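Examining the three-dimensional arrangement
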Amino acid sequence: MYITVIGSGYVGLVTAACLADFGHFVTSVDKDAGKIKRLMNGEIPIYEPGLDEVVQRNVQDKRLTFTTDLGAGVANSQVIFIAVGTPSLEDGSADLSQVEAVAKEIASAMNNYKVVVNKSTVPVGTGRWVRKIITDNLKSKEDFDVVSNPEFLREGTALYDFTHPDRVVIGADSEKAKEIMREVYRNLYLIETPFILTNVETAELIKYASNAFLATKITFINEMANLCEAVGGDVQVVAKAMGLDGRIGPKFLHAGPGYGGSCFPKDTRALAKIARKYGERVSIVDAVVEANENQKKRMVEKIRKVLGDLQSKKIALLGLAFKPNTDDMREAPSITIVNGLLAGGASIKAHDPEAMVEAEKVFGDRIGYCQDVYDTAKGADALVIVTEWNSYRRLDLPRLRELMKDAILIDLRNIYTPQEAQAAGFRYVGVGRS
Ligand code: NAD
């Protein structure tokens, strides 16, 4: 099949590369000419493990091409994926301006029947709205369908997630569109991936409901961690015991500095907004949004408490990306933490295995950047682990202690045990470990 994917970011590029790997002929479109130029030169603009190989293979086999020419891509394709950004507006609702612009451009390039697929995370009702925009802007009277096909991939494991999803959700109102979508994902049918075929509105809601539920699970264990600190409990043990209950499950029960990233924060806010728009309230989601903000700020207080005062303290910070295996800095907890520490008068040297370039766009020269973990720790009053990259799990603690001014390890991801840190001479502070 001939497919165009509009937006070559974390979701669009992975979608385009994987669909090409499935055997389709895919055009990956972006309005960012710099990004497309880099892709045409064989450079991958984001850090996503394994993506370079899949892109290269499919470019070589001539199944994957890159362009800024949206119209040409659309005219030559039967299926058009929209994978542009839907960030938060000031009031928490989803900003659909990128989707709107793309829908208008699709309409002008429409030359025969097409399936327009919303892969961006969009509020309930967007499918219908996109249908109207396209209808209103068509140059000639062409037939088309709008489908909702939300994406559940996780940055860092995006290729595996796209090619081995727990489920594929397709919301469509016509049998023809459903049949074409089945063909798009034929490879996943063959490995017996569960398919949820439903209407557009249900599919749109499934994505928000799933993300809000996961955000709730994280927030729940974070609140248990805070309670553990107050009562003398250990959240690691609480989470383990809870997770062994088959009804609960162990995933997303890791206490930490609060969730961040390009999805959970904006999607929880948007879901709360959608509910209000329809005269309902998702009070759990409202509470999750608030508790998560507090959790990030609480980390600054935790560090302040350990150090007594932040003024003139030197802090070594490990991990800036919102999670390991990505360079994505969107709404990373490190942002609240760094800003809070700087506001308190501390100075920061930071390290991240992949996100330093993106981090510099956020923090500029307000913090120092080190290429090496041990350089980061030199002369520091405290070492703070913010993101649990694998490379931070086996640090030479005695060497770090030697390099630091004061032996304080603040482990916001609980990747060390208090015992091993203490054995290396550190004062250890985790999350939810009294
Ligand atoms: P992103 O910002 O990385 O990529 C979006 C791309 O769209 C950018 O490269 C931008 O230049 C391009 N774009 C914007 N307007 C355009 C236009 N008019 N024409 C062509 N290109 C245009 O965003 P992302 O992280 O890939 O997210 C995309 C959508 O997928 C969002 O709705 C997001 O919520 C959803 N989603 C993201 C993830 C994730 O892990 N990142 C997972 C699931 C769903």
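Before any of the text, the structure's been laid out above.
To start, this report covers the structure provided alongside it. Here the structure is a predicted model, which means the values were calculated and not measured. (Residues numbered from 1 in each chain as written. Predicted model: local features only at pLDDT ≥ 70, side-chain atom pairs only at ≥ 80, totals over all residues. Heavy atoms only, no water.)

**Notes on the sheet that holds strand E9 (residues 314-318)**
Strand order in the open sheet formed by six strands is E11-E10-E9-E12-E13-E14, with parallel pairing between adjacent strands. Both outer strands of the open sheet, strand E11 (368-369) and strand E14 (427-429), are each paired with one neighbouring strand and no more. Of the pairings in the sheet, the one linking E9 to strand E12 (residues 382-385) comprises four bridges and is parallel in character. Across the sheet, Ile 315 pairs through a bridge with Ala 382, a residue of E12. Strand contacts of helix H13 (residues 283-307): E9, E12, strand E13 (408-411) and E14, with the helix running at about 165° to E13, the strand carrying the most contacts. Of the strands in this sheet, E9 and strand E10 (347-351) are in contact with helix H14 (residues 333-343), which crosses E9 at around 175°. (Pairing = 2+ DSSP bridges. Helix = DSSP H or I, 4+ residues; strand = E, 2+ residues; numbered from the N terminus. Contact = heavy atoms within 4.5 Å. Axes fitted to C-alpha atoms, helices over the stretch in contact; angles between N-to-C directions.)

**Observations regarding the packing of helix H10 (residues 200-231) against helix H12 (residues 264-277)**
The interhelical angle for the contact between H10 and H12, taken along N-to-C directions, is 115°, at an axis separation of 9 Å. The chirality of how H10 crosses H12 is left-handed. Residues Leu 205, Lys 207, Tyr 208, Asn 211, Ala 212, Leu 214, Ala 215 and Ile 218 of H10 pack against Phe 264, Asp 267, Thr 268, Ala 270, Leu 271 and Ile 274 of H12. Of the residues in the contact of H10 with H12, the class split is 10 nonpolar, two polar and two charged. (Left-handed = near helix turned anticlockwise from the far one by under 90°. Nonpolar A, V, L, I, M, F, W, Y, C, P; charged D, E, K, R; others polar.)

**Describing the packing of H13 against H14**
Interhelical geometry of H13 versus H14 gives an angle of 40° and a closest axis separation of 8 Å. Looking at the two axes, H13 sits oblique to H14. H13 and H14 meet at a crossing whose hand is right-handed. Contacts from Lys 296, Lys 297, Met 299, Val 300 and Ile 303 in H13 reach Pro 333, Thr 336, Ile 337, Gly 340 and Leu 341 in H14. Looking at the contact of H13 with H14 residue by residue, the classes come out as six nonpolar, two polar and two charged. (Parallel < 35°, antiparallel > 145°, perpendicular 65-115°, else oblique.)

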